[in-house]
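Fold and contact review
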Amino acid sequence: MTILATSRRVLSTGHLRVQPRNAVCQARWESKAVEGVKTVRDAALLSIRKNKQDETSDRQTVRPSVQPVTRAAQSTQSQVDKIAGLSEAEETKLDNMREAQSEIRDVLDSVLRQFSAPIRYAFAYGSGVYKQAGYGASKPMVDLIFGVSHPDHWHALNIAQHRNHYSFMGTLGANAVSFVQDRMGAGVYYNPFIEIEGVVIKYGVVSMGTLSSDLLNWDSLYLAGRMHKPTLTLRRDPLMRISKQVNLTHAVRAALLMLPKNFTTDELFTCIASLSFAGDIRMRIGGENPHKVQNIVEAQMPLFKSRYSSIIEGLPNLEYIGQDLLQQNMAPQARAAMLRKMPNNFYDRLLKQGRKAGIKLPPGFGAERVNTERLVVVDNISQIATKAVESIVAWPALTQSLKGVLSSGLTKSVSYMYAKNLKYRNN
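Heads up: these notes are all about the structure in this document. What you see as residue numbers is a count from 1 along each chain, following the sequence as written. Confidence filtering applies because this is a predicted model: local features only for residues at pLDDT of at least 70, side-chain atom pairs given and counted only at 80 or more, and all residues used for totals across whole chains, interfaces and linings. Only heavy atoms go into the side-chain values, all of them from the structure, while hydrogens and water stay out.

Turning our attention to the overall build of the chain. In terms of helices and strands, the chain carries 20 helices and 8 strands. In the chain, which comprises 427 residues, the proportion classed as buried is 53%. Using a 1.4 Å probe, the Shrake-Rupley method yields the accessible areas, and only the shown protein chains count as cover for residues. Accessible area of the chain: about 18,900 Å², with a carbon and sulfur share of 54%. Secondary structure elements are taken from DSSP: a helix is a run of H or I of four residues or more, a strand is a run of E of two residues or more, and numbering for both begins at the N terminus. For each residue, the accessible area found with a 1.4 Å probe, counting protein chains only, is set against the maximum for its type, and the residue is called buried under 20%, exposed over 50%, and partly exposed in between.

A few words now on the sheet that holds strand β5 (residues 232–235). Only strands that DSSP links by at least two bridges are regarded as paired with each other. Read across the open sheet, the 5 strands follow the order β3-β4-β2-β1-β5; overall the sheet is mixed. Looking at the sheet topology across the chains shown, the edges are occupied by β3 (189–196) and β5. Between one strand axis and the next, the sheet turns by 25° as a mean value, whatever way the strands run. Examined bridge by bridge, strand β1 (residues 121–125) and β5 share 3 bridges and lie antiparallel to one another. Residue pairing in the sheet places Phe123 in a bridge with Thr233 of β5. We call two residues in contact whenever any of their non-hydrogen atoms come within 4.5 Å of each other. Note on geometry: axes are C-alpha line fits, over the in-contact stretch for helices, and angles between N-to-C directions span 0 to 180 degrees. Against the sheet, helix α6 (residues 88–112) contacts β1, β2 (142–148), β3, β4 (199–207) and β5, and its axis sits at roughly 35° relative to β5.

So, on to the side chain of Asp214. Considering the arrangement of structural elements, one finds Asp214 in helix α10 (residues 208–217). For the purposes of these results, a polar contact is taken to be a pair of N or O atoms within 3.5 Å, where, inside protein, one atom must be able to donate a hydrogen and its partner to accept one; residues adjacent in sequence count only when each atom of the pair is a side-chain atom. Within the structure, Asp214 has its side chain in polar contact with the backbone nitrogen of Ser220 (distance 2.9 Å). Among the polar contacts listed, one links the side chain of Asp214 to the backbone nitrogen of Ala224, at a separation of 3.0 Å. Setting aside its immediate chain neighbours within four residues, Asp214 contacts Asp219, Ser220, Leu221, Tyr222, Leu223 and Ala224.

Further remarks concern the packing of aromatic side chains. Stacked, tilted and edge-to-face are the three classes applied to pairs of Phe, Tyr and Trp rings, where Trp contributes its six-membered ring and a pair requires centres within 6.5 Å; stacked means planes under 30 degrees apart, edge-to-face means over 60, and tilted covers the rest. A complete count under the given rule lists 13 aromatic pairs for this structure. Aromatic side chains Phe115 and Trp154 sit 6.3 Å apart centroid to centroid with 25° between the ring planes, which places their arrangement in the stacked category. Taken together, the positions of Phe115 in the loop between α6 and β1 and Trp154 in helix α7 (residues 151–161) put the pair 39 residues apart, joining distant regions of the chain. Seen in terms of ring centroids, Trp154 and Tyr203 are 6.4 Å apart; in terms of plane orientation they differ by 65°. Their pairing is edge-to-face. Taken as a pair, Trp154 in helix α7 and Tyr203 in strand β4 lie far apart in primary sequence, 49 residues in all. Here, a charge over a ring means that NZ of Lys or CZ of Arg falls within 6 Å of the ring centre while also lying within 35 degrees of the ring normal. The ring centre of Tyr222 lies 3.9 Å from the NZ or CZ of Arg226, which sits over that ring.

Our focus in this paragraph is α10. The α-helix advances 3.6 residues per turn, and as a result positions three or four apart in sequence lie on the same side. The element α10 is extensively covered by neighbouring structure, given that 8 of its 10 residues are classed as buried. Buried residues of α10: Met208, Leu211, Ser212, Ser213, Asp214, Leu215, Leu216 and Asn217, and no others.

If you want it as structure tokens, here you go:
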């Protein structure tokens, strides 16, 4: 199946998987195919047209060329930013951020060129790319994600070229590395504290299938949650562009379940940025900066507005009612319809948490409309939705952290946790 054909199927269904877990999920999946994902259709179709000319370079297997961001594209994006309600000061700040992004992209492009193994999709994220409030002059490690088609083949090539990037797992071979990547945690294999071209990086390897499924279905929210926040794309892929937009739309809808009728953009983006940290054990044991969410949103507000502007404008139940002030439609039918468009995994977890809270929610696909309408009117829907997200995040986050001892080695794992704990104590 071609990339374009796959993209069209995602647009019509909102899901990448074609084999639901059971009859109930099958029926719910088919109903979503009828509803479609209208909020991302226009943006995704535009993405496909834009990437048609780039598709050949995106599919190269060794050192693909990276398409620079053009001035025309920046100008077009600037017009969208104004729709999002950016102030003049924020527009200036956003322009400065984009200039900094261009410089960082040039540096990281040179880093990626040091890898002979084929990287189909890549992005950078975290404090090493985007400044966060509360950080000093020290340069944090740059976090990278490499999306690859065949992890076992990729690791075989990369071990041959960069054996020093791997812990003792490299001695066991590519099959062992790939096994640990796929069977433990969230499907990502990290190599931290790697210095290339004078830049210290931590790069994670994930299969394209695992990444796409997490974005569309919220299997673990490990990478999907990280991509709710600003990221810097280094290698493009048409299907990923669509999956990213679906994921961002899911994030806004989840946040709306947790927010009141009227709220600020700061509250919206703080809620979205916190989704991937909900249930993460590192936030409880001092393995992560307790003020990380606030630091991210405070320093990156213009980027958040730019990232979510088209989604906010496209959702029929959400609108601006003032500068940095939003209002959502609280009618039960509207909120229930929004909930039915969320990923199956989130919906199932929400039902489970709702029943624990004492809400009578009958099983079966036929009860979906009744269940969603009952859930959205309860006073504690925000807490129920938060617990549903926590139940998705908790186990993959824990096992991914434990996997770090294997993928990074004991010494690097201790060093990494010490650096994280130091941030915790300093904040």
